[in-house]
Amino acid sequence: MKPDQMADVLNSITPTLNYGDFKNVDLVVEAVVENPKVKDAVLRETEDAVREDTILTSNTSTISIDLLAKNLKRPENFCGMHFFNPAPVMKLVEVIPSVRTDPAVTDLITAFATDVLDKVVVAAKDRAGFVVNMLLVPYLNAAMRMYADGHATAADIDNGMKLGAAHPMGPLELSDMIGLDTMM
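A brief structural summary. (Residues numbered from 1 in each chain as written. Predicted model: local features only at pLDDT ≥ 70, side-chain atom pairs only at ≥ 80, totals over all residues. Heavy atoms only, no water.)

### Quick word on the packing of aromatic side chains
Which entries qualify depends on this criterion: Centres within 6.5 Å are what make two rings of Phe, Tyr or Trp a pair, Trp counting through its six-membered ring; a difference in plane orientation under 30 degrees is then read as stacked, over 60 as edge-to-face, and the rest as tilted.
One pass over the structure, following the stated rule, counts one aromatic pair. For the pair Tyr19 and Phe22, a centre-to-centre distance of 5.5 Å together with 80 degrees between the ring planes defines the contact as edge-to-face.

### A closer look at helix H2 (residues 36-49)
Filter applied, for reference: In DSSP terms, a helix is any run of H or I states spanning at least four residues, a strand is any run of E spanning at least two, and both are numbered starting from the N terminus. Here, expected helix span is obtained from the residue count minus one, scaled by 1.5 Å. Each residue gets one of three labels from its accessible area relative to the maximum for its type: buried under 20%, exposed over 50%, partly exposed in between, using a 1.4 Å probe on protein chains only. In this description, contact between two residues means that some pair of their heavy atoms is separated by no more than 4.5 Å. Each polar contact in these results corresponds to two N or O atoms within 3.5 Å; when the atoms are within protein, one needs to be able to donate a hydrogen and the other to accept it, and residues that are neighboring in sequence are counted only if both atoms are side-chain atoms.
Between its terminal C-alpha atoms H2 stretches 20 Å, which fits the 20 Å expected from 14 residues at 1.5 Å a residue. Lys39, Asp40, Val42, Leu43, Thr46, Glu47 and Ala49 are the residues of H2 that are buried. Packing partners of the buried residues in H2 comprise strand S1 (27-30), strand S2 (55-58), helix H3 (65-69) and strand S3 (78-83). Two or three places before Lys37, at the start of H2, stands the capping residue Asn35, its side-chain oxygen 2.9 Å from that residue's backbone nitrogen.

### Some remarks on helix H5 (residues 132-148)
Rules: Along the arc lie the directions from the helix axis toward the C-beta atoms.
The first and last C-alpha atoms of H5 sit 24 Å apart over 17 residues, in line with the 24 Å expected at 1.5 Å per residue. Listed as buried for H5 are Asn133, Leu136, Leu140 and Ala143. What you see down the axis of H5 is that its buried residues fit within an arc of 95 degrees, all on one side. Opposite the packed face of H5, turned more than 90 degrees from it, sit the exposed residues Leu135 and Arg145. Lining the buried residues of H5 we find S3, helix H6 (154-164), helix H7 (171-178) and helix H8 (180-183). One or two steps after H5, the chain reaches Gly150, where phi turns positive at roughly 75 degrees.

Here's what the structure looks like:
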């Protein structure tokens, strides 16, 4: 991004700690801690503060979108929008509708992610881990088991995947970046 573009983006952001300032937003991306009770509370409070046509999304990596939608007044305006870390660098976003999400909302979020955010969208079903984490978590767990069982050193496991499989980082390094509490 060029400096003038960056300035335009930063100037378009209005920080707030007040839900009352959400009346004019079209889209909310909730990105609080990966805890269903916390996400549920934040989503319900946010829904009460926005217009009826505002789209709510959750940046959850593992929590069921149907579960998060169940206490919302307008679940048809809600879907998952899972960004990958670090979001400004990673091109992928998973878009996950609930069973009650209006297909037009899914289409709008997909278009927003691709056209505005310049992301590549993976359409995911609402299942544990969606697409990426359903594949990634068993791989990371296997690396941890391999290390715990003494089959290889941490350096050998990470270097094996970086150099042997062309991964940008090894599974143990990635687990540390994600956070072992989140992994659990």
